Structures are given as C-alpha cells and as structure tokens.
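These are the residues of each chain, in order.
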Amino acid sequence: MSNLDLKKDLKHLYAPSSKQVGVVEVPAMHYLVVDGAGNPNRAPRYQQAIEALYPLAYGVRAICKAQDRPFTVMPLEGLWWFDGQPIEDFNLTEADKDRFVWSLMILMPDFVNVEMVAQARQTLAAKKDAPTLLDELRYAAYDEGDAVQIMHIGPYADEGPTVAKLHRYIEEQGWALRGKHHEIYLSDPRKVAPEKMRTVIRQPFSR
C-alpha cells in the first residue's frame, strides 16, 4: 500500500516560492478545526487546540491505515483575523495579538469521513489524558478560492513585510482583500532555528 502525502500532491499550495508572489485557486477541502481567540503566545487555548488536533489527526490516520489507505499527517494551519478593526501596518504589538481570533486546523484526505473522525474521537476520549478541547474540535469544509501566497523564511515575528507584500500585490492588480489571513506552518519550532523556519503565507482575494 502506498502512503498518500498531500504536501506532494498539492505542491502548488504547500511549496510556493519565497521570492515571488504566486496566484492559486484553492479548492474546497476538509479539515479538523479548533476555534479560539487571543494572543497565541499567552492564551492557554492555543496550545490546547494543538494538543487536540494532532492526536485526533493521528487517530484518523490509524483508522485509514487499517483500511490500507495510510497518509502523512499534514502540517498545522491557522486562519487569523481581528476582533474589531484590522491592523494595517503589520507591525503587531502584544495588544494587537490579544485581539486575534483564529482557527487552527489540519487538512484531511478526501476519503476521510465524519464516521472516521467520530470513531477516532471516541477512542481518544477513552484515554486518561484525553485532550481538553476534544469535544470542541469539528470536522469542516473550507472553500478558500482565489488567493495569493508566498513562502516566508524566518521567525513568525518577522512576517510583517511578507504579509504587506501580499496585500500590496493584490492592490496592484486592482483586486480586493477577501476572507481570512492564512498561515501554514511547515517547520516545527522545537526543532528548527527561527531564521530557518518555513511558513506559507496566504491571502484570499476577489477579482
């Protein structure tokens, strides 16, 4: 049995250039999702969301592997927006980050269904160390559509100019910002030096 790696199958969405802005059409896909708010550096819910998403994703993978359909668990992704007026200068203060509203998510293959997710959730819930937010995790479709994206190399705190570059590109084309700021975390910050971390930065737009 062959192992499905969606990062390879969807290379145009998960391995963009770090130098040039790319335009993509992102199809509707299904994700495991946990919603939250607040500064990711301080809000306990942010870490709790991660602690719920990964075990459930690996639980779904175990079910699929038993059915001869193994897959590589995809990286963590985040949708970000603000409670109140958006920030325009991209140099975020801690007060700005406190206003974040977010959804953390992990992409699932097309053959994953709600029954598999429910089965994996039930198995995980039976464990003594079941994740705190397990019951709040949802399985949902997200249809992003037209978007621009680029690879950011470096610390999360230095993303401002990269985000501004995407917004400026949209403006130069005569398009309009739409939807939520999207990040895909390809590097594990526990294992990769900050200056080498790779993050896909994506912004939907309307023509």
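A. Local environment of the layout of surface pockets. Here the largest pocket is characterised by a volume of approximately 1,500 Å³. Of all the secondary structure elements, the ones that give two or more residues to the lining of the largest pocket are α3 (44-66), β3 (77-82), α6 (160-172), β8 (181-185) and β9 (198-206). Per-class residue counts for the lining of the largest pocket are 25 nonpolar, nine polar and eleven charged.

B. The pattern of salt bridges, seen in detail. The final tally for this structure, using the stated rule, is nine salt bridges. In this structure, the salt-bridge partner of glutamate 136 is arginine 45, at a minimum N-O distance of 2.5 Å. Taken together, the positions of glutamate 136 in the loop between α5 (114-125) and β5 (138-142) and arginine 45 in helix α3 put the pair 91 residues apart, joining distant regions of the chain. For arginine 45, a relative accessible area of 25% corresponds to the partly exposed category. The closest approach of N and O atoms between arginine 207 and aspartate 146, which form a salt bridge, is 3.4 Å. Pair noted here: arginine 207 is in the segment after β9 and aspartate 146 is in strand β6 (residues 145-153), with a separation of 61 residues, a long-range link. A relative accessible area of 63% means that arginine 207 is categorised as exposed.

C. Geometry of the packing of aromatic side chains. Tallied over the entire structure, the rule returns nine aromatic pairs. Each ring, one from phenylalanine 82 and one from phenylalanine 100, has its centre 5.0 Å from the other, and the planes form 15 degrees; the classification is stacked. Of the two residues, phenylalanine 82 is situated in strand β3 and phenylalanine 100 in strand β4 (residues 100-107); the sequence distance between them amounts to 18 residues. An aromatic cluster is defined as three or more aromatic residues linked by ring pairs; in this entry it consists of Tyr46, Trp80, Phe82, Phe100 and Trp102.

Calculation criteria
- Residues numbered from 1 in each chain as written.
- Predicted model: local features only at pLDDT ≥ 70, side-chain atom pairs only at ≥ 80, totals over all residues.
- Heavy atoms only, no water.
- 1 Å grid on protein atoms, 1.4 Å probe; cavity = no way out; pocket = protein on both sides within 12 Å on 5 of 7 lines; lining within 4 Å.
- Points joined across faces, edges and corners; volume = space filled by probe spheres on them.
- Helix = DSSP H or I, 4+ residues; strand = E, 2+ residues; numbered from the N terminus.
- Nonpolar A, V, L, I, M, F, W, Y, C, P; charged D, E, K, R; others polar.
- Salt bridge = Lys/Arg side-chain N within 4 Å of Asp/Glu carboxyl O.
- Buried < 20%, exposed > 50% of the residue type's maximum accessible area, 1.4 Å probe, protein only.
- Phe/Tyr/Trp six-rings, centres within 6.5 Å; stacked < 30°, edge-to-face > 60°.

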